[in-house]
Amino acid sequence: YNASMDTTRCHDDKCKHVQLSEEHVRLLEQIPNFIWQKPLKGSEWNTHFQQLIEYKETFGDCNVPVPYMIKPELGEFVRT
């Protein structure tokens with residue numbers, strides 16, 4: 001694992017690229033049963049992003065429930 005893990009966080013339709021500090025990585029790894037998820041491939045991310053756009057057009061927000069029975073992977077995508 002690379003301690004300067006790159007990640008993207010989105011809030012209110014604005015996304016930013018951030019790096020986790022070594023201290024943040026250390027703290028996260030101290031949490032029992034914490035599992036690092038591997039990043040989605042570009043095509044998977046684009047598919048889920050398109051599903052999220054469709055969800056927002058239908059429901060007016062991006063608050064996808066977990067679990068979301070219609071598309072469980074969308075709920076997980078938004079949650080992470």
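## Things to note about the overall build of the protein
Looking only at helices and strands, the protein features three helices and two strands. In sequence order, the protein lays out its α and β elements as β-β-α-α-α. For the protein, buried positions account for 16% of its 80 residues. With the model as given, the accessible surface of the protein reaches about 6,600 Å², and the carbon-plus-sulfur share is 55%.

## Some remarks on unusual backbone geometry
Of the consecutive residues V66 and P67, the connecting peptide bond is found in the cis state with omega at 5°. Mapped onto the elements, P67 comes out in the loop between α2 (42–59) and α3 (72–79).

## What about the confidence of the model for the protein?
Averaged over all residues, the pLDDT of the protein is 76; the fraction at 70 or higher stands at 70%. The secondary-structure element of the protein with the lowest mean pLDDT is strand β1 (residues 6–11), recorded at 53, while α2 shows the highest, at 89.

## Description of the packing of aromatic side chains
In the structure shown here, the tally under the stated rule is four aromatic pairs. Taken together, a centroid distance of 5.9 Å and an interplanar angle of 75° make the contact between W45 and F77 edge-to-face. Linking W45 in helix α2 with F77 in helix α3, this pair joins segments that are 32 residues apart in sequence. Its relative accessible area of 15% is what places F77 among the buried residues. Ring centres of Y55 and Y68 lie 5.3 Å apart, and the angle between their planes is 85°; this geometry places the pair in the edge-to-face category. With Y55 in helix α2 and Y68 in the loop between α2 and α3, this residue pair connects regions lying 13 residues apart in the sequence. Residue classification places Y68 among the buried residues on the basis of a relative accessible area of 11%. One aromatic cluster in this structure is built from W45, F49 and F77.

Analysis parameters
Residues numbered from 1 in each chain as written. Predicted model: local features only at pLDDT ≥ 70, side-chain atom pairs only at ≥ 80, totals over all residues. Heavy atoms only, no water. Helix = DSSP H or I, 4+ residues; strand = E, 2+ residues; numbered from the N terminus. Buried < 20%, exposed > 50% of the residue type's maximum accessible area, 1.4 Å probe, protein only. Areas by Shrake-Rupley, 256 points an atom, 1.4 Å probe, with all protein chains shown as cover. pLDDT = per-residue confidence, 0-100. Phe/Tyr/Trp six-rings, centres within 6.5 Å; stacked < 30°, edge-to-face > 60°.

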